[in-house]
Amino acid sequence: MKIVSIRDIHIGEGVPKIIVPLMGKNIEQLLVEIKTIKQVTPDIVEWRADVLEEIENLEVVKKTVSTIREALFPTPLLFTFRSHREGGNKIIEDAYYKELLESIIQTKAIDLIDVELFFPNVSEIVETAKAHDIYVVMSSHDFEKTPVKEEIIWRLRRMQELGAHIPKIAVMPKIPTDVLTLLDATYTMKSLYADRPIITMSMASTGAISRIAGQVFGSAATFGAGVEASAPGQIPAEELRKMLNVLHTT
């Protein structure tokens, strides 16, 4: 099993790492949010750039990520633009999505970048990230349902084939047994196919248990809410850490 190491954070080893999202609409809000988030000592911070009001101004985005980096360092920084089709806040053209991600990669002001599995030019972005020593978290989100076990595993394996350092999937449960499907798929992927850390989660209140107990089945990280949650079902990061530590030590 490959471990993804960023300074003193080792994803895939020990207690699952807690990723806390930044959800501010502008740099002023983001800086206030960072002060609060730092108090819960996240392992990784995710900047959800699709929330930024001026996301279509590349110079503003690059200046903002540099400011975030300076305010957070040495905490690892994950850059995410969540597309509208996968639950994000803004609709942009595919060409701009590629330009945005590659521009941010080239700043080297981040440690990890989220790349969506079903984006048309995903391989090109992965190549750019690797050329600049940026880790790729490849993701897939289904806010409507939980796919069957075989489909979940296929997506995770496909991410691995495409060169993701960390495959990630989030799905929506309609009934409690959907959560079991996600956890079963996670365990099978971890046991039979994964040679690197994976992140999986079931969303909403029904799926909250997967954010706590995912480590038992093979998920290497989980998302905890800071000032604001970035997806339904996120548990406040401070409470989440206590729960993970209890599971890890018992």
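The rules behind each value
- Residues numbered from 1 in each chain as written.
- Predicted model: local features only at pLDDT ≥ 70, side-chain atom pairs only at ≥ 80, totals over all residues.
- Heavy atoms only, no water.
- Helix = DSSP H or I, 4+ residues; strand = E, 2+ residues; numbered from the N terminus.
- Expected span 1.5 Å × (residues − 1).
- Contact = heavy atoms within 4.5 Å.
- Salt bridge = Lys/Arg side-chain N within 4 Å of Asp/Glu carboxyl O.
- UniProt positions renumbered as here; feature names shortened; annotations may be inferred.
- Polar contact = N/O pair within 3.5 Å; in protein donor to acceptor, adjacent residues only side chain to side chain.
- Phe/Tyr/Trp six-rings, centres within 6.5 Å; stacked < 30°, edge-to-face > 60°.
- Pairing = 2+ DSSP bridges.
- Axes fitted to C-alpha atoms, helices over the stretch in contact; angles between N-to-C directions.

So, helix H5 (residues 149-161)
The first and last C-alpha atoms of H5 sit 18 Å apart over 13 residues, in line with the 18 Å expected at 1.5 Å per residue. Where H5 is buried, its residues meet strand E7 (135-142), strand E8 (166-171), helix H6 (176-193) and strand E9 (199-202). Just past H5, the residue Gly163 takes up positive phi, approximately 100°.

A short note on the pattern of salt bridges
Following the criterion strictly, the structure yields 16 salt bridges and no others. One network of salt bridges, with partners in common, ties together Arg7, Arg69 and Asp111.

Considering the UniProt feature "active site" (unreviewed entry) in the protein chain
On the UniProt side, "active site" (unreviewed entry) is annotated at positions that read His141 and Lys168 here. A maximum C-alpha distance of 8.6 Å is found for the annotated residues, which run over 28 residues; spatially they form one tight group. If you trace the backbone, His141 turns up in strand E7. Residues in contact with His141, not counting those within four places in the same chain, are Arg82, Glu86, Lys168 and Ala170. Reaching out from His141, the side chain makes a polar contact with the side chain of Arg82 at a distance of 3.4 Å. By the element assignment, Lys168 lies in strand E8. Sequence-distant contacts of Lys168, defined by excluding residues within four places in its chain, comprise Arg82, Asp114, Val137, Met138, Ser139, Ser140, His141, Leu156, Met159, Ile199, Met201 and Phe223.

Digging into the packing of aromatic side chains
A complete count under the given rule lists three aromatic pairs for this structure. Geometrically, the ring pair formed by Trp47 and Phe79 is edge-to-face, given 5.5 Å between the ring centres and 80° between the ring planes. Taken together, the positions of Trp47 in strand E4 (residues 44-48) and Phe79 in strand E5 (residues 77-80) put the pair 32 residues apart, joining distant regions of the chain. Judged by centre distance (6.2 Å) and plane angle (70°), the ring pair of Phe81 and Tyr97 falls under edge-to-face. With a gap of 16 residues between them, Phe81 in the loop between E5 and helix H3 (94-107) and Tyr97 in helix H3 connect regions that are remote in the sequence.

Regarding the sheet that holds strand E6 (residues 112-116)
Sheet architecture is open: nine strands sit in the order E9-E8-E7-E6-E5-E4-E3-E10-E11, paired in parallel fashion. Of all the strands in the sheet, the pair left with one neighbour each is E9 and strand E11 (235-236). The pairing of E6 with E7 spans five bridges and is classified as parallel. Across the sheet, the residue bridging to Leu112 is Tyr135, located in E7. Most of the contacts of H6 go to E9, to which it runs at about 170°, and overall it touches E8 and E9.

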